Amino acid sequence: MLKKDIVREVDGRFELTEKLPDSQLYNKDLAPVPLEKRTWRYYEFFAIWVGMSVCVPTWMLAASMIAAGFNWIISIGTIALGQLIILIPLVLNSFPGAKYGIPMPVLLRSSFGIFGANIPALLRGVVAAGWFGIQTMIMAFALDGIFVALSPQGYGSIAGIVGFFNLPAHLVISFFISWIITVVICYYSPPGKSAPGIKWLNDISAPILLLIGIGLLWWAFGEAGGDWGPILGQPTTASWAIWPAFLTAMVAYWAPIAINISDLTRFAKTQKVQYIGQTLGLPTTMTAYSFIGLAVTSATVLIYGEAIWDPVALMIKTENAFFIFVGLVFIILATLTTNITANMVAPINDFMHPIPKYLNWERTTILVGIIGIIMQPWRFLADPNAYIWTWLLGYGAFLGPVAGVLIADFWIIQKQHIKLDDLYSRKGYYDFRGKTDYVAIVALLIMAALIIFYATKGLILGSGWPAWLSTGVMVLGILGAIYLDIADKKGINMCGALSLYLGIVLAVGAQLIVPGLGMYTWFIGIFIAFIAYYLIHTYWYGKKFPPLIK
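This one's a predicted model, so the numbers in the text were calculated from it and none came from an experiment. What you see as residue numbers is a count from 1 along each chain, following the sequence as written. Per-residue local features are limited, in this predicted model, to residues with pLDDT of at least 70; the limit for side-chain atom pairs, both in listing and counting, is 80 or more; totals at the level of whole chains, interfaces and linings are taken over all residues. Hydrogens and water are ignored here; the side-chain numbers use all heavy atoms of the structure.

Asker: I would appreciate a short explanation of the nonpolar core in the present structure.
Answerer: When a protein is soluble and globular, its nonpolar side chains tend to lie buried together. What makes a nonpolar core is a set of buried Ala, Val, Leu, Ile, Met, Phe, Trp, Tyr and Cys residues whose side-chain atoms join them at distances within 4.5 Å. Using a 1.4 Å probe on the protein chains alone, a residue whose accessible area is under 20% of its type maximum counts as buried, one over 50% counts as exposed, and one in between counts as partly exposed. Trp 254, Tyr 395, Phe 398 and Tyr 501 are the most contacted members of the largest nonpolar core, which totals 194 residues. Note on definitions: a residue-residue contact is assigned when non-hydrogen atoms from the two residues lie within 4.5 Å. Discounting chain neighbours no more than four positions away, the residues touching Tyr 501 are Ile 119, Leu 444, Met 447, Ile 451, Val 473, Met 474, Gly 477 and Ile 478.

As C-alpha cells, this is what we get:
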C-alpha cells in the first residue's frame, strides 16, 4: 500500500494536513504552523526588529569601541557593517521557516538528523538562556529604580546582600518581578495560537520605543546647550589591529537569532513579507539606536561631567520624576520585547525538542526561566571586556558553524527542498540509517578531546559555570552522536555533526596558532562548517544519502 501523502502545498508554502499524535518527534508546538495561522505581515517583521534592537545592550553597543579608542564614526560604521553581514545568514535561514512553517529545532533535523538536531539546538538554547538572564537583570535595574524612587525609606532600605546574586535584596526582588512578568507573557503565547502576546507586544511597543528614543536625543541636545559633547569629537587612538574583534562582536550580537529565525518566520503570511520586513528593520534600527545611545552619552559629559553609558543610571541621575517613571517604563518595555522575542522563543523550542511528548511550550517556558537564573550570565555585564571578548566572541565560535551547516544543507545540497512529514518520522529520510563509520567516530573523539582542552585553557566563554555548561553540551553531544551511530539507533547525520564540530574546533583553536585569529571566531566557524558540509556531503556522505528530489 502506498504511503498516504499528508503534505499540502499552496503557493510555494507547505503544511501538514493532519496531526501526528503517534510520533514521538511531534507535539502541537513543534508542528508546522497551519497556513491559516501564518498571519504576520511586513509590519510585524519590521516591528520585531524595532522591539529587539531598541534595548539597553544596543544603547551601550558603541561604548566598548569608544572606550577602546575608536571615534564615533568608526564605531557606528562598524555596528552598521556588522548588521549587514549578519543579515545575510539571517535571511537565508528565514526561508525554510516561512516555506514549511517549522521552528528552528525541527529545521535542524534536516541537516543533523532527527536526534542529532538536539546537539546544536541545546547549544543555541544555552546561549539564549544566558541572554535571558542578562536582559532580565537589566529590566530589574529599571524596575528597582522606580520602586526605590517611590519608596526610598521602605523598598530602597530593604537590607542585606543576596549571595548568589551578590546584589542588594531589593534589587533581587525586582529581578524576580521582572522574571515573572517575562515568563507569564511568554507562557500564554504558544505558537499554536500564533504567539499572540509576542505579536501584540511588538506591534504596540515599536512606535513608542522609537519616539522615546528620539525624545531622549532631543532632551540631551537641549540640556547640553546644543553641543553634542566631547565623545563625538574624540579622535581615533586605538590600533586597527583590534578592530576585527569588534566587527566580529557586532556580527555575533545577533548570531543566535540568525540560527533560530525560523522560530519567527514560520508565522509569515508570505515569503516576501518576512525578508523585506527584516531587511528594513534590522540594520536601520540597530544603527540608529546605537547612534542615539552614543550621542546622548556624549551629551552627559557636558551635563553631569561624566559619561553615563547606562540609560537606566542616566534616568535615575536626572532626579526628574518624568524620566524616572516614564523613562524607566520605556526601558522596561524595550527590555521586555527583546527578551521575549529574542531570548525566550528560541530556547523554549530548543529545550522542548529532545522530549516533545513531555515538554510542551508552557512547561519549557518555566524550565528556560530557571536555567536563565542558574547560569548567572549577568556577570558578563560587570566587565565590558568580558562582554565583548568572552561572551560575544566566545559563543560566536560555536553558533557560526551551526549557521554554516544550515545554509549549506538547505541552499546548496537540498536545493531548498525538505520532506516535511519525514521531519517527524523515525522511518523517514532524516533517520539517516546506515553502517557505522569508525573514521567519523575517531574524528569526533579527537574533537571532543580538543574541546575539553580548550575549556581548561579558558577559551570557551572564559572560566566558570557558563563555560563548563557549554563545554558539557558539546562533549555530551559528541558522545550521544557516537552512541546513536554504534547502537544502530541512528537519527544522526554524521555530515552535519562532523562539519559543526570541525567549525567549532578550528574557530576556537585558531588563536592558539595565530593569536589574532581569536578575533574572527564567528567568521571562521561559519566558513569552515559551510565548506566542510559541502565537501563531506559531496564526496562521501551524499553517496549514502543522496539529496532529495523534488
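Asker: I keep staring at the packing of helix α7 (residues 169–187) against helix α16 (residues 361–374) and nothing clicks. Help me out?
Answerer: When two helices pack together, their arrangement is given by the angle between their axes and by how far apart the axes lie. Angles run from 0 to 180 degrees between N-to-C directions of axes, and those axes are lines fitted to C-alpha atoms, restricted for helices to the stretch in contact. Strands are runs of DSSP state E lasting at least two residues, helices are runs of H or I lasting at least four, and both sets are numbered from the N terminus onward. The geometry of α7 relative to α16 is characterised by a closest axis approach of 9 Å and an angle of 155° between their N-to-C directions. As far as their axial angle goes, α16 and α7 are roughly antiparallel. Note that α7 runs across α16; the crossing there is right-handed. Contacts between α7 and α16 involve Phe 175, Phe 176, Trp 179, Val 183, Cys 186 and Tyr 187 from the first element and Trp 361, Glu 362, Thr 365, Ile 366, Gly 369, Ile 370 and Ile 373 from the second. Residues are sorted three ways: Asp, Glu, Lys and Arg are charged, Ala, Val, Leu, Ile, Met, Phe, Trp, Tyr, Cys and Pro are nonpolar, and all the rest, Gly among them, are polar. Split by residue class, the contact of α7 with α16 holds ten nonpolar, two polar and one charged. Throughout this description, any angle smaller than 35 degrees is read as roughly parallel, any larger than 145 degrees as roughly antiparallel, any in the 65 to 115 degree range as roughly perpendicular, and the remainder as oblique. Crossing chirality is assigned from the near helix's rotation relative to the far helix, an anticlockwise turn below a right angle marking it left-handed and a clockwise turn marking it right-handed.

Asker: Could you clarify how one ought to interpret helix α15 (residues 345–352) in this entry?
Answerer: One turn of the α-helix equals 3.6 residues, which is why residues spaced by three or four share an orientation. The buried count for α15 comes to eight of eight residues, which makes it a mostly enclosed element. Taken together, the buried positions of α15 are Val 345, Ala 346, Pro 347, Ile 348, Asn 349, Asp 350, Phe 351 and Met 352.

Asker: What is the right way to read unusual backbone geometry from this model?
Answerer: Note on backbone geometry: most residues besides glycine have negative phi, and most peptide bonds are trans. The phi dihedral of Lys 415 falls on the positive side, at around 55°, and the residue is not glycine. Summarising the element assignment, Lys 415 is placed in the loop between α17 (384–413) and α18 (438–456). Owing to a relative accessible area of 52%, Lys 415 belongs among the exposed residues under this scheme.

Asker: Any chance you could explain the pattern of salt bridges here in plain terms?
Answerer: Oppositely charged side chains can form a pair if their charged atoms are brought close together. Take a side-chain nitrogen of Lys or Arg and a carboxyl oxygen of Asp or Glu: if they are within 4 Å of each other, that pair is a salt bridge. Overall, the coordinates contain nine salt bridges when judged by the stated rule. Salt-bridge contacts for Glu 15 lead to Arg 8; the nearest nitrogen and oxygen are separated by 2.3 Å. Notably, a salt bridge pairs Asp 422 with Lys 419, separated by 3.7 Å at the nearest N-O pair. Judged by its relative accessible area of 6%, Asp 422 falls in the buried class. Classification of Lys 419 by relative accessible area gives partly exposed; the value is 31%. Sharing partners across several salt bridges, the network here consists of Lys 419, Asp 421 and Asp 422.

Asker: Quick question: what am I supposed to make of a nonpolar patch on the surface here?
Answerer: Where nonpolar side chains cluster on the molecular surface, the patch consists of Ile 412, Phe 527, Ile 531, Tyr 534, Leu 535 and Tyr 539 and spans about 580 Å² of accessible area. Structurally, the position occupied by Leu 535 is in helix α21 (residues 521–544). To count toward a patch, a residue needs a relative accessible area above 30% and no salt bridge. Like charges then connect within 9 Å, nonpolar side chains (Val, Leu, Ile, Met, Phe, Trp, Tyr) within 5 Å. Each accessible area value is a Shrake-Rupley result obtained with a 1.4 Å probe; residue values ignore everything except the protein chains displayed when judging cover.

Asker: Which parts of the structure should I look at to understand the packing of helix α1 (residues 42–53) against helix α14 (residues 321–343)?
Answerer: The N-to-C vectors of α1 and α14 enclose an angle of 115°; their axes lie 7 Å apart at closest approach. As for the relative orientation of α1 and α14, their crossing is left-handed in sense. Along the contact surface, α1 presents Ile 48, Gly 51, Met 52 and Ser 53, while α14 presents Ala 334, Thr 337, Thr 338, Thr 341 and Ala 342. Tallied by class, the residues present in the contact of α1 with α14 amount to four nonpolar, five polar and no charged.

Asker: Can you help me understand helix α20 (residues 494–513) in this one?
Answerer: The terminal C-alpha atoms of α20 lie 27 Å apart, and with 20 residues this matches the ideal 28 Å at 1.5 Å per residue to within 8%. Note on bend: at a given residue it equals the angle between the axes fitted to the 7 residues ending there and to the 7 starting there. Considering bend angle alone, the principal kink of α20 is centred on Ala 507 and spans about 30°. Counting buried positions along α20 gives 15 out of 20 residues, so the element sits mostly inside the fold. Whenever a nitrogen or oxygen atom comes within 3.5 Å of another N or O atom, the pair is scored as a polar contact, on the condition that within protein one atom can donate a hydrogen and the other can accept it, and that pairs from neighbouring residues in sequence are kept only if both atoms are in side chains. Backbone nitrogen of Cys 495 and a side-chain oxygen of the N-cap are separated by 3.0 Å at the start of α20; the cap is Asn 493. A helix's residues, less one, multiplied by 1.5 Å, set its expected span.

Asker: I keep staring at the environment of Ile 492 and nothing clicks. Help me out?
Answerer: Note that Ile 492 resides in the loop between α19 (465–486) and α20. Exposure remark for Ile 492: the relative accessible area of 2% places this residue in the buried category. When the C-alpha positions of Ile 492 and Ile 418 are compared, they lie 17 Å apart, and in sequence the two are 74 residues distant. When near neighbours in sequence (up to four residues on either side) are disregarded, Ile 492 contacts Phe 112, Gly 113, Gly 116, Ile 119, Asp 431, Phe 432, Ala 481, Leu 484, Asp 485, Ala 497 and Tyr 541.

Asker: Any chance you could explain the pairing of strand β1 (residues 7–10) here in plain terms?
Answerer: Side-chain direction in a regular strand flips from residue to residue, so the side chains alternate between the two faces of the sheet. Taken together, the four bridges between β1 and strand β2 (residues 13–16) define a ladder with antiparallel strand orientation. Across the sheet, Arg 8 pairs through a bridge with Glu 15, a residue of β2. Note on pairing: DSSP must find at least two bridges between two strands before they are called paired. The turn joining β1 and β2, which pair antiparallel and follow one another in sequence, is formed by two residues; a positive phi near 55° is taken by Asp 11.

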